[in-house]
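Inside the fold
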Amino acid sequence: MKNHNLLFILLLIFVQATASISVAEDKIAPPPPEEWPKPIEDDRPIWFLLFDRLEYDLNEGPDTILWDVQGWIGSDFNKLWIKTEGDQKLSEDYGGDVEIQALYSRLISPFWYLQIGGRFDTLYGNGSDPSRGFGVIGFEGLAPYWYDVETALFVSQDGDVSARLEAEYELLFTQRLIAQPRFETNIAIQQVEKFGVGEGFNDVELGLRLRYEIRREFAPYIGISWTRLLGDTADIARNEGEEVDNLAFVTGVRMWF
Amino acid sequence: MGSRDKLITRRRFLHYAGTFSIMAGFAGIAPAYALQQTGIQAGNRQETIPDINLLIRWDRIDVGGREGRAITLNGSIPGPIVRLKEGKDAVIHVTNELQEDTSIHWHGILLPAEMDGVPGVSFPGIKPGQTFTYRYPVKQSGTYWYHSHSGVQEQSGHYGPLIIDPTEPEPFEYDREYVVMLSDWTFEDPKRVFAKLKKMSDYYNFQRRTVGDFFSDISEKGFGPTMSDRLAWGRMRMSPTDIADVTGYTYTYLMNGLSPSANWTGLFKPGERIRLRFINGSAMSYFNVRIPGLKLSVIQSDGQNIKPVEVEEFQIAVAETYDVIVNPGQDSAYTIFAESMDRSGYALGTLATQPGMAAPIPALRERPLRTMIDMGMPMEKMDNMKGMEMNNNDAESSQNSHRHHGSMNMEAGEIVARHGPDHHGPGNTSIAMVERNRLGEPGTGLEDVGHRVLVYTDLKRLDTKYTKRKPDREIELHLTGNMEHYMWSFDGKKFSEVKGPIPFKYGERVRLTMVNDTMMEHPIHLHGMWMVLDNGNGAHNPRKHTISVKPAERLSVEIDADAPGNWAFHCHLLYHMEAGMFRVVNVSADNETITKK
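For the structure given in this document, a descriptive report is provided here. (Residues numbered from 1 in each chain as written. Chains lettered and ligands numbered in written order. Predicted model: local features only at pLDDT ≥ 70, side-chain atom pairs only at ≥ 80, totals over all residues.)

1. Quick word on unusual backbone geometry
Residues and elements named next belong to chain B. For the bond running from I77 to P78, omega is -10°, close enough to zero to count as cis. One can find P78 in the loop between β3 (66–73) and β4 (82–85). Of note in the backbone geometry, A319 takes a positive phi value of approximately 85° without being a glycine. Its location among the elements puts A319 in the loop between β17 (314–316) and β18 (321–326). Accessibility expressed as a C-beta count within 10 Å gives 27 for A319, which makes it buried. (Helix = DSSP H or I, 4+ residues; strand = E, 2+ residues; numbered from the N terminus. Buried ≥ 20, exposed ≤ 12 C-beta atoms within 10 Å, placed from the backbone.)

Written out as structure tokens, the structure reads:
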């Protein structure tokens, strides 16, 4: 009899133990399996292409076509940013310049990208068509008081150092009629006559463009743009019989995708 | 001419006939429940719940006279009413006729984790051509809704009402009921909408301040206050006109799938008490709802009975529900007016005694503006003056305002905490320097409408089932974002930047405190478990599945981790969720608890 009681007690303990294990077992939940799709895809690549200026300039000298295009592709924090700008004279002695930059851009603070990469310039039309490459480091972003700022330091393949600062601002007259003042200046440490670059401040450009956003993505504009060469750069220009001062009436389209 | 949609086979048609909308030729349209104008008589309940069949596919639909392409459930947007009964198991067969995975999440429903319908969290999703059967015991009652949890399908029409009839009699009486499901419809591809927000985050804001506003502010308030206001916002690179990310520029706001011109109508007999089940099934839009001429008696919030509150207007956040009883005495028509919070449009319907009757449509009110309170700024003068008489001519007070009706907001909640030094990284733009208890404040734009507006402190749970218990764990989570780059996150981190779920130990009580460091409200939703909102009502703190956290607000909820499994936790603004404002909570008996000292 005693053995039966003992057996019964042991059985009872066994049943209790397994029962409590099974109760806990169905309250254990592993994390979702790796092979399931993600619930949200918040790191998909994104891209952007902006024709900030695509215009016809009525200059004091020969008219030009000008473009200023940027695009990027990547993620929220890391992007490949490509910028190209240039102009093309519309006259018998066709001439102009083209610049292209490719930059790795990293979002380092809520409003600013640090940009590092390379730039390649070509001047053409004077028979010689010089071109040169640079290393670039700079910042692009939105400064307080809503200024869109791009600034960079360039070091050319010959060790010539230069820098640039661009700022744009938007002034809304209506929800679709927007004025965009623009400022740009270039500085160089060394003179590089082949490219018309003097020492010190090279030039200052002030522009005002008024656009109408037919769609956000498509906005024709008109405006004025005044460029003034300075100091050493102005001297170089005068020596070549070029103007140092130009007021242009511009018309073009701003579009993005 | 476009190609015709795939024809329904006769056998398939009969299979879905029970809940199919009226087929008007080729196009899917509003569901049957929206088109029959007589509502459901109270007491007319189903006792046995048959299996429910839902078919998901793309259909051409008509919205406001224009053709669009929507994801429909049984041919309509919203989908049909799924009506269940407390105590009876739900069996719902969902067939996916899209070319991509889909899912259905039962919003606000307590059920086994594998039935919750979130791909990647509950299950792998419903593949194209697959029929998935949801099966779960129903342990609650009230007004809820269901929607896709795959990508941005919800924006395309993949949503519908879910009603659960209780076993016990309800503590209120009515003669007739209607579902009023509000939503936002765009003819654009929702993926394009998201891409545009990533490229230009204020793309849809056509209410930005202009040079004209600057000069009219100067003439109204003077040069000094206007300049300092513009400089204050400019310094932060924020706009006070940033109310809604996606606006009436692209949205047509729908009531039960019908545009304002289609004018959804519910009929009634004068003197009847009508129950209106308001559901905000939109992707991105908060609505301010009022019925001019009628008082609204709010009796349920998020499907839960509350002590009735009589108001004239309420703000309903994305994913919330409010059940309201109205008692129209006149033999006439009343307009149900659901103005979008940014006032760029409205959804419209009518309660009438005869078909074809219409009441006057109110004009859209002036757009609201964000305030410095929303930015989390300490307003020292104002905070010191709380409780004192306000002198309206006080020149200093106008420095704190942008519109006279937003000025000084004496009802702004008290400061309950100050932010620490952590700015949450480049994924987050601003922090709320001071965090306030804003539960007693009306929502954006409703500060001085001249009539009573529902506030969160009004919500008092009706039953006495709350058990008081010390929390085992306390968590603080910051709602963060970088509007300029359209990045949204918790604590500065998108979902893809965190490793693994947030662990809760099965059986513990968690006190979750949320701080909104952004200047937009976010409707935060936890799957599978209730959040008991600490709104100062003690044992009558309400249970909610979705809580809208105001800008610069600090609030706390209690969660009893009584449902094992993986549960989604996210902002219910669809594009915020897609941008990263999402987490998974893992409730398991083998997680460690952090015992409160």
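2. Here we look at helix α3 (residues 190–199) of chain B
Because an α-helix completes one turn every 3.6 residues, residues spaced three or four positions apart along the sequence face the same direction. Looking only at α3(B), the buried set comprises V193(B), F194(B), L197(B) and K199(B). Summarising the contacts, the buried residues of α3(B) are in contact with β1 (46–58) and β13 (245–256) of chain A together with β10 (176–186) and α7 (574–579) of chain B. (Contact = placed C-beta atoms within 7 Å.)

3. So, the sheet that holds strand β24 (residues 487–490) of chain B
Hydrogen bonds between backbone atoms are what pair the strands of a sheet, whose relative direction is either parallel or antiparallel. Residue and element names in this part refer to chain B. Reading across from one edge, β24-β23-β26-β31-β28-β29 is the order of the six strands in this open sheet, with mixed pairing throughout. Looking at strand neighbours, the two that pair on one side only are β24 and β29 (543–544), the edges of this open sheet. Here strand β28 (residues 531–533) pairs with β29 via two bridges, running antiparallel. Looking at the pairing, M531 lines up with K544 of β29. (Pairing = 2+ DSSP bridges.)

4. Some details on the sheet that holds strand β30 (residues 546–549) of chain B
Residue and element names in this part refer to chain B. The five strands are arranged β25-β33-β32-β27-β30 in an open sheet whose pairing can be described as mixed. At either end of the open sheet lies a strand with only one pairing partner, and these are β25 (502–505) and β30. Across this sheet, the average inter-strand angle for adjacent strands is 25°, counted without regard to direction. In terms of strand pairing, strand β27 (residues 522–526) meets β30 through four bridges, oriented antiparallel. Paired with H525 across the bridge in β30 is T546. (Axes fitted to C-alpha atoms, helices over the stretch in contact; angles between N-to-C directions.)

5. Some remarks on the environment of E578(B)
Tracing the backbone shows E578(B) in helix α7. Taking the C-beta count within 10 Å as the criterion, E578(B) has 25 such neighbours and is therefore assigned buried. Sequence separation of E578(B) and M487(B) is 91 residues, and the distance between their C-alpha atoms is 9.4 Å. What E578(B) contacts, discounting residues up to four positions off in sequence, is I40(A), D42(A), V152(B) and F194(B).

6. Section: the nonpolar core
All names here are of chain B. Core analysis: the biggest nonpolar cluster contains 156 residues, and M255 and A338 have the highest contact counts within it. Tallying contributions element by element places β10 first for this core, with six residues. Once residues lying within four places of it in the same chain are set aside, the contact partners of M255 are V180, L182, W264, I336, A338, A347, L348 and G349. (Core = buried A, V, L, I, M, F, W, Y, C linked by C-beta atoms within 7 Å.)

The values are spatial; any link to function lies outside them.
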